[in-house]
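Here is how the chains run, residue by residue.
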Amino acid sequence: MEMDSLETERTTTGWAARDPSGVLSPYTYTLRNTGPEDVFIKVTYCGICHTDLHQIENEVDKSQSHYPMVPGHEVVGEVVEVGSDVSKFRVGDCVGAGLLVQCCGICRPCKSEMEQYCNKKIWSYNDVYTDGKPTQGGFAQSMIVHQKFVVKIPDGMAPEQAAPLLCAGVTVYSPLSHFGLKKSGLRGGILGLGGVGHMGVKIAKAMGHHVTVISSSDRKREEAIDHLGADDYLVCSDSTRMQEAADSLDYIIDTVPVFHPLEPYLSLLKLDGKLILMGVINTPLQFVSPMVMLGRKTITGSFIGSMKETEEMLEFCREKGLTSMIEMVKMDYVNTALERLEKNDVRYRFVVDVAGSKLDQ
């Protein structure tokens, strides 16, 4: 079934935040008009990411949050209709959509297939589309996404398992791939064991790395080693163990989304080691320069991944049989889930069963 640029506006129902309290409630709105390259997706599952909290509570940039706001950017669904120029997808396909829904297509990042670094990128929610309509995310019955920003979920992969891969999975995969850290035998550290961290352990282990989880307490030791397959577990306040581990890691994936000192972790890196920041932190971080000079160490950051990397990562996860560890909830539980996420009370990613939540009632 093809769709022409439909004159009639489609409405859909989602759950939206109305103000920075971040409380979500049902909201019916019109979707943007569809173009020839658009895919109309019926949402089945949507992961809940820490970024959703930042956005609905207006924590990223005080002028940036626009309400009502329907969050959700780890979207899995079924293709219901496609535009006349859509070649990659057909009705009935199980597909995913992530944090971005559009880019300029002409800048250097876009031309290098790294469109996540396009300065004119459009976010899947809390942004304005090219037609002037606000974008709304995946905590909703349906979405319209340009085919460039849609990926096919590999056959045999459970759709609810795939949802967190579309943000948490590719966020870890992209820097490992880009910085040449995919080869086996490397020693990696994962700082913080939340949604991104747990995928970091699984993906790094599947690449053949020796993986150390670094955490603020002993609380997650057993699950890190027994459930996720980490090789070692360091508590950062244990100065003896931290000293023993000095100069031992090729990289650290730092997923902590709040202010924390960097120096204890820089000391764990080998010569030319990389500290890769992934948590959105709006307080300046600090370190003394000899910590990086005496070891030629790098502090860098990485932001989600490209569509090409997303496809590669899904294929990698399919090949290795990797899944995310999720807790499935219905939409009427979403406010409780967000409160629990704020307290890190989830193993390790909430996924909303959108299709099973009967949003049209």
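Residues numbered from 1 in each chain as written. Predicted model: local features only at pLDDT ≥ 70, side-chain atom pairs only at ≥ 80, totals over all residues. Heavy atoms only, no water.

Moving on, we come to the overall build of the protein chain. Broken down by element type, the protein chain carries 11 helices and 20 strands. For 361 residues, the compact-globule formula gives about 21 Å, and the C-alpha radius of gyration of the protein chain, at 20 Å, lands near that figure. Here the protein chain holds 361 residues, and 55% of them are scored as buried. Taking as baseline every contact in the protein chain between residues at least 6 positions apart, the subset at least 24 positions apart corresponds to 67%. Taken together, the 36 basic and 47 acidic charged side chains of the protein chain have centroids lying 4 Å from each other. (Helix = DSSP H or I, 4+ residues; strand = E, 2+ residues; numbered from the N terminus. Rg over C-alpha atoms; globule rule 2.2 N^0.38 Å. Buried < 20%, exposed > 50% of the residue type's maximum accessible area, 1.4 Å probe, protein only. Contact = heavy atoms within 4.5 Å. Lys, Arg positive; Asp, Glu negative; His and termini not counted. Charge placed at Lys NZ, Arg CZ, Asp CG, Glu CD.)

Right, let's talk about the packing of aromatic side chains for a bit. For any pair of aromatic rings, geometry is given as the distance between the ring centres together with the angle between the planes. Tallied over the entire structure, the rule returns 3 aromatic pairs. Where Tyr27 meets Tyr29, the ring centres are 5.2 Å apart and the plane angle is 20 degrees; that geometry is what we call stacked. Taking the relative accessible area as the measure of exposure, Tyr29 reaches 7% and is therefore buried. Residue placement shows Arg32 over the ring face of Tyr129; its charged tip is 4.0 Å from the ring centre. Between the NZ or CZ atom of Lys148 and the centre of the ring of Phe149, over which it lies, the distance is 5.9 Å. (Phe/Tyr/Trp six-rings, centres within 6.5 Å; stacked < 30°, edge-to-face > 60°. Lys NZ or Arg CZ within 6 Å of the ring centre and 35° of its normal.)

A word on the environment of Ala97. Along the chain, the position of Ala97 falls in strand β6 (residues 94-97). According to the relative accessible area criterion, Ala97 is buried, its value standing at 3%. Separated by 213 residues in sequence, Ala97 and Thr310 place their C-alpha atoms 9.9 Å apart.

On any regular strand, side chains alternate: one points to one face of the sheet, the next to the other face. Across the 6 residues that make up strand β14 (residues 210-215), a large majority, 5, are buried. With 5 bridges joining them, strand β13 (residues 187-191) and β14 adopt parallel strand pairing. Across the sheet, the residue bridging to Leu191 is Ile214, located in β14. Read as a crossover between parallel neighbours, the route from β13 over helix α5 (residues 195-206) to β14 is right-handed. Taken together, the 4 bridges between β14 and strand β15 (residues 232-235) define a ladder with parallel strand orientation. Residue pairing across strands places Val213 opposite Tyr233, the latter belonging to β15. Handedness of the crossover is the feature at issue here: the chain leaves β14, passes through helix α6 (residues 221-227), returns alongside β15, and the resulting connection is right-handed. (Pairing = 2+ DSSP bridges. Right-handed = clockwise from strand over helix to strand, strands pointing away.)

Turning next to unusual backbone geometry. For the bond running from Tyr67 to Pro68, omega is -5 degrees, close enough to zero to count as cis. Note that Pro68 resides in the loop between α1 (50-56) and β5 (74-83). A cis amide bond links Arg347 with the next residue in sequence, Tyr348, at an omega value of -15 degrees. One can find Tyr348 in the loop between α11 (334-342) and β20 (349-353). With a phi close to 55 degrees, Asp247 is a non-glycine residue in the positive phi region. Relative to the helices and strands, Asp247 is located in the loop between α7 (239-244) and β16 (249-254). Judged by relative accessible area, Asp247 falls into the exposed class, the value being 53%.

Moving on: the pattern of salt bridges. Where charged atoms from two side chains of opposite charge approach closely, those side chains can pair. A full pass over the atoms with the stated rule returns 19 salt bridges. A salt bridge links Arg10 to Glu81; its shortest N-O distance comes to 3.0 Å. Of this pair, Arg10 sits in the loop between β1 (2-3) and β2 (11-17) while Glu81 sits in strand β5; the two residues are 71 residues apart in sequence, bridging distant segments of the chain. For the salt bridge of Lys88 with Glu311, the shortest nitrogen-to-oxygen distance reads 3.8 Å. Note that Lys88 is positioned in the loop between β5 and β6 and Glu311 in helix α10 (residues 307-320), a separation of 223 residues in sequence. Residue Lys88 is classed as partly exposed on the basis of its relative accessible area, which comes to 44%. (Salt bridge = Lys/Arg side-chain N within 4 Å of Asp/Glu carboxyl O.)

This paragraph deals with the packing of helix α4 (residues 168-178) against α10. At a closest axis distance of 9 Å, the pairing of α4 and α10 adopts a crossing angle of 100 degrees. The angle between the axes of α4 and α10 places the two elements in the roughly perpendicular class. Across the interface between the two elements, Gly169, Val170, Tyr173, Ser174 and Ser177 from α4 touch Glu309, Thr310, Glu312, Met313 and Phe316 from α10. In the contact of α4 with α10, the residues fall into 4 nonpolar, 4 polar and 2 charged. (Axes fitted to C-alpha atoms, helices over the stretch in contact; angles between N-to-C directions. Parallel < 35°, antiparallel > 145°, perpendicular 65-115°, else oblique. Nonpolar A, V, L, I, M, F, W, Y, C, P; charged D, E, K, R; others polar.)

Moving on, we come to the packing of α4 against α5. Packed helices, taken two at a time, are described by the angle between their axes plus the distance between the axes. Between α4 and α5, whose axes approach to 8 Å, the crossing angle comes to 50 degrees. In terms of axis orientation, α4 runs oblique to α5. Considering only the axes of α4 and α5, their crossing is right-handed. In this structure, α4 uses Ala168, Gly169, Thr171, Val172, Tyr173 and Leu176 to contact α5, whose residues at the interface are Gly195, Val196, Met199, Gly200 and Ile203. Split by residue class, the contact of α4 with α5 holds 7 nonpolar, 4 polar and no charged. (Left-handed = near helix turned anticlockwise from the far one by under 90°.)

What follows is about the side chain of Asp353. Mapped onto the secondary structure, Asp353 falls in strand β20. Relative accessible area serves as the criterion here: at 13%, Asp353 is assigned to the buried category. Sequence-distant contacts of Asp353, that is, excluding residues within four places in its chain, are made with Thr44, Tyr45, Met328, Val329 and Lys330.

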